[in-house]
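Per-entry structural report
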Amino acid sequence: MNRKDDIIVVQGNQTLTGKVSVSGAKNSALKLIAASILANDVCTIQNVPNISDIDIMCQVLESLGAKVDRKDHTLVIDSSFINSVEASYKLVSQMRASIAVLGPLVSRFGEAKVAMPGGCQIGARKIDMHLMGLRQLGVKFDVNFGYLNATVPSKLRGANIRLDFASVGATENILMASVCAEGRTIIDNAAREPEIVDLCNFLNEIGCSIHGAGTSVIEIEGVDVNSLHGCTYKTCGDRIEAGTYIVGGAATGGPLTVEGIDPDYLKTAIRKLRDMGVDVKIDKDSITVSRDATKPLRTVQVQTLPHPGFPTDLQAQFMLLACLAEGTSIITENVFENRFMFAAEIMRMGANISLQEHHAVVKGPVKLQGAPVSSTDLRAGASLVLAGIMAEGTTTVTEVGHIDRGYEDFVDKLCRLGAEIERKNPKK
């Protein structure tokens, strides 16, 4: 899937309209796969997106000895065959999310050997809080030759853990380690993302006892690891994929309907769209956007924050949308320090953006012009494709493997919505 030399060629001045169904949430499915390690049984996970990050996480589990059967959007994972606690550098280096196997391995086996994750295009994303929380549960760590070696000298014991920042990854690893610790664990200032709720629901399905998911305080009553069992579970819809298509509809006029998503997941983004002058209609599991594309949008002020704040994964998309607003918009990035690399690429297409530390000042409206651009990360890549759809002329996007990490059938879905877009390999 991740074909290194592929490019995406986009013809501009197109309108996205119609209906599109979102896939299962990448950031949920990855952690559900990791959590299946705990069950020592068969877990069937449905609505799993067909993207390259899922491929890597499946390889991680197979490297541990699990049997993974994948058919369409369903994974059947038998973790009773796991015979290793080592997640290799070869796999962890390809995807930071594979650090999520640390918690469940420690919980089930009392030890783990996981390659230290490196940096990331959009920020350092250190794992200090993961380790702090696990240490409070009784895990000992040492680092040798680039590997994080975790051991439990006696037993995991519940603890009161307060996170300095509502880190999604730290919350997930602590959750999966604490479900079989003796006594009660309280995670204070826990992440509240819908994907955290999905993980907690899955863990409860396999026999764990977790309360408070979706709030800033999560309580876990430890259970015997041998009491955990398999289950069948459906992954929630991907709110970031949904938000990306919604921005495409808002930018080009629509009407565009995104199906398979709970609108509550995108409350903050929907409010910002309405503030900008976009007509947004919501239903139980769909969102429809439309506007008069001949008129400029109103300016917007966006500050990325942990959920329920504005999601950092929609920051690039809204920076693009702000280019259509009359006046000055301010985009503030509070989560990842390097996430403004997208701005340099969209400026090649004519955007008027100035960067001031963690603020982007966007002046509009401007008419973007097609240009050769490079995807710097997953969300920037998708946003550059949307920019090409809006722009005059032809846009060529390289490094599209980033897009494969999080968007299933991105080109095909956009084509069905009316885009003139093609993926090809110029070296063939």
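This report concerns the structure included in the present document. These figures come from a predicted structure and were not determined experimentally.

Examining the packing of helix α10 (residues 315-322) against helix α12 (residues 378-390)
Their axes nearest at 8 Å, the elements α10 and α12 cross at an angle of 25°. Accordingly, the angle class assigned to the pair α10 and α12 is roughly parallel. You can see that α10 and α12 cross each other, and the crossing is right-handed. Counted together, Ala 316, Gln 317 and Leu 320 of α10 and Arg 379, Ala 380, Ser 383, Leu 386, Ala 387 and Met 390 of α12 form the full contact between these two elements. Looking at the contact of α10 with α12 residue by residue, the classes come out as 6 nonpolar, 2 polar and 1 charged.

Topic: the layout of surface pockets
Considered as a void within the structure, the second largest pocket measures approximately 260 Å³ in volume. Forming the walls of the second largest pocket are 19 residues, and the residues nearest its centre are Ala 251, Arg 291, Ala 293, Leu 324 and Lys 367. Of all the secondary-structure elements, those providing two or more residues to the lining of the second largest pocket are α8 (239-252) and α12. A breakdown of the residues in the lining of the second largest pocket according to their chemical character gives 11 nonpolar, 5 polar and 3 charged.

Quick word on the sheet that holds strand β14 (residues 232-234)
Ordered by their spatial adjacency, 4 strands build an open sheet running β4-β5-β3-β14, and the pairing between neighbours is mixed. Looking at which strands have only one partner, the edges of the open sheet turn out to be β4 (67-71) and β14. Here the average twist between neighbouring strands, direction ignored, is 15°. Sheet topology places β4 next to strand β5 (residues 74-78); 5 bridges connect them, and they run antiparallel. The partner of Val 68 across the bridge, within β5, is Ile 77.

Observations concerning empty space enclosed by the protein
Evaluation of the coordinates by the stated rule reveals 1 cavity of 30 Å³ or more. Quantified by volume, the largest cavity comes out at close to 30 Å³. What lines the largest cavity is Gly 243, Ile 246, Val 247, Leu 266, Ala 269, Ile 270, Leu 273, Leu 314 and Phe 318. Here the residues of the lining of the largest cavity are counted per class, giving 8 nonpolar, 1 polar and no charged.

Notes on the pattern of salt bridges
A full pass over the atoms with the stated rule returns 16 salt bridges. The shortest N-O distance in the salt bridge between Lys 281 and Asp 279 comes to 2.7 Å. Judged by relative accessible area, which is 51%, Lys 281 ranks as exposed. Ionic pairing is found between Arg 423 and Asp 404, a salt bridge with its closest N-O pair at 2.7 Å. In this pair, Arg 423 sits in strand β24 (residues 420-424) while Asp 404 sits in helix α13 (residues 401-404), placing the two residues 19 residues apart along the sequence. A relative accessible area of 6% places Asp 404 in the buried class. Among the ionic contacts, a cluster of salt bridges with common partners joins Asp 6, Asp 404 and Arg 423.

Definitions and limits used
- Residues numbered from 1 in each chain as written.
- Predicted model: local features only at pLDDT ≥ 70, side-chain atom pairs only at ≥ 80, totals over all residues.
- Heavy atoms only, no water.
- Axes fitted to C-alpha atoms, helices over the stretch in contact; angles between N-to-C directions.
- Helix = DSSP H or I, 4+ residues; strand = E, 2+ residues; numbered from the N terminus.
- Parallel < 35°, antiparallel > 145°, perpendicular 65-115°, else oblique.
- Left-handed = near helix turned anticlockwise from the far one by under 90°.
- Contact = heavy atoms within 4.5 Å.
- Nonpolar A, V, L, I, M, F, W, Y, C, P; charged D, E, K, R; others polar.
- 1 Å grid on protein atoms, 1.4 Å probe; cavity = no way out; pocket = protein on both sides within 12 Å on 5 of 7 lines; lining within 4 Å.
- Points joined across faces, edges and corners; volume = space filled by probe spheres on them.
- Pairing = 2+ DSSP bridges.
- Salt bridge = Lys/Arg side-chain N within 4 Å of Asp/Glu carboxyl O.
- Buried < 20%, exposed > 50% of the residue type's maximum accessible area, 1.4 Å probe, protein only.

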